[in-house]
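Summary of structural features
Okay, here's what each chain looks like letter by letter:
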Amino acid sequence: MVELNADYVDHAFREALLAWQLQHHATGGTVSIEEHGNTVFQNAGHQAPRREEATELPLPPRKEPLLVGVNKYHRRFAHHLRPLVHDLTQGQNPDSLFVACVDSRVNPNLITSSGPGDLLTLRNIGNVVCSDGRDASIESALSFALNGLRVQSVVICGHTNCGAMNALLAEAGGGDKSSLGPAFNQWLDHARPSYAALLAGHPVGRQAAAAGYGTVDQLSMVNVAVQLAKLQEHPVAGPALADGTVQATGLFYDIATARVFQVSADGIENLDPGFDAGRQGSVAAAGR
Ligand SMILES: [Zn+2]
């Protein structure tokens, strides 16, 4: 296994490596080349050498079977992780309860530059909470986070093209409510007030529309605001929010642009400091 992480690969290097690979194959060996950086070895044969950053995304999409990914983790990352988790072996002290959708494209640690021990994470369909005790998973996570671990903040994080929001819109359009099963349909009760809020002209929905987002993403942003409002009614979270011991924050992750917005009760704000606010609408529209 050759693990290649280079900022510059020229023709001479490529040919030398291929010659060595051929020679090794001729003697019955096998050679596989695994690239970790942004310089692509395969491109070196047909294009002029280019200098790229020899950096690796912290969590690039895995294009291989799960257990191959575990093998790669042990070879490349586990030894980096051990010193970081050394102080966490006896307990955790996360600063936030992070409520995210189950969607595979949303990675809470990646978009908050956080690591082991930072986020107590609750993931469910549509990143919802409830204040009426109807779901033991949500209730126990809130109690554990606020009463047990004394987190200082609760984050609700929505995202573009959410399956739960699409299901709500399909239902409103006369689609089959039971197509994903009775449990899914029942779960959507936690998000149905968000659709009603969008229809009623929620200011977050209007701002999302002005920024170029389509209906499903407007709904997703309104849903974040509605879940934040539910926290204020919650018997545990509500008093902690009211006396300021806990902060509630709404986030919205735009998958197409990899940007994060903050969602409040009455609006949205692009949190990318390099983003030109004047281009917000066109960029959002281009991501659709
Ligand atoms: Zn989702």
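Refer to the preceding data block for the structure.
Read on for a plain summary of the structure.

How each quantity is defined
- Residues numbered from 1 in each chain as written.
- Predicted model: local features only at pLDDT ≥ 70, side-chain atom pairs only at ≥ 80, totals over all residues.
- Helix = DSSP H or I, 4+ residues; strand = E, 2+ residues; numbered from the N terminus.
- Buried ≥ 20, exposed ≤ 12 C-beta atoms within 10 Å, placed from the backbone.
- Contact = placed C-beta atoms within 7 Å.
- Axes fitted to C-alpha atoms, helices over the stretch in contact; angles between N-to-C directions.
- Parallel < 35°, antiparallel > 145°, perpendicular 65-115°, else oblique.
- Left-handed = near helix turned anticlockwise from the far one by under 90°.
- Nonpolar A, V, L, I, M, F, W, Y, C, P; charged D, E, K, R; others polar.
- Pairing = 2+ DSSP bridges.

Counting secondary structure elements, the chain contains 12 helices and eight strands. Taking all 288 residues of the chain together, the buried fraction comes to 28%. In the chain, 68% of the contacts between residues at least 6 apart in sequence involve partners at least 24 apart.

Below, the discussion takes up the packing of helix H8 (residues 192–199) against helix H10 (residues 215–233). Packed helix pairs are characterised by how far apart their axes lie and by the angle those axes make with each other. Relative orientation of the contacting elements H8 and H10 amounts to 115°, with a least axis distance of 8 Å. When the axis of H8 is compared with that of H10, the two are roughly perpendicular. Crossing handedness for the pair H8 and H10: right-handed. In this structure, H8 uses Pro-193, Ser-194, Tyr-195, Ala-197 and Leu-198 to contact H10, whose residues at the interface are Gln-218, Leu-219, Val-222, Asn-223 and Val-226. Grouping the amino acids of the contact of H8 with H10 by side-chain chemistry returns seven nonpolar, three polar and no charged.

The next subject is the environment of Ile-111. Structurally, the position occupied by Ile-111 is in helix H4 (residues 108–111). For the pair Ile-111 and Val-260, spaced 149 residues apart in sequence, the C-alpha separation works out to 7.5 Å. Not counting residues within four places of it along the chain, the set of residues in contact with Ile-111 comprises Tyr-253 and Val-260.

As a further point, take the pairing of strand E3 (residues 96–101). With six of six residues buried, E3 is to be regarded as a mostly interior element. The side-chain alternation of E3 yields two buried faces, one formed by Ser-96, Phe-98 and Ala-100 and the other by Leu-97, Val-99 and Cys-101. Inspection of the sheet shows E3 paired to strand E4 (residues 119–124) by six bridges, in the parallel sense. Directly across from Val-99, in E4, lies its bridge partner Leu-122. With five bridges joining them, E3 and strand E5 (residues 153–159) adopt parallel strand pairing. Across the sheet, the residue bridging to Leu-97 is Val-154, located in E5.

Fair warning: the whole summary comes from geometry, so function is off the table for now.
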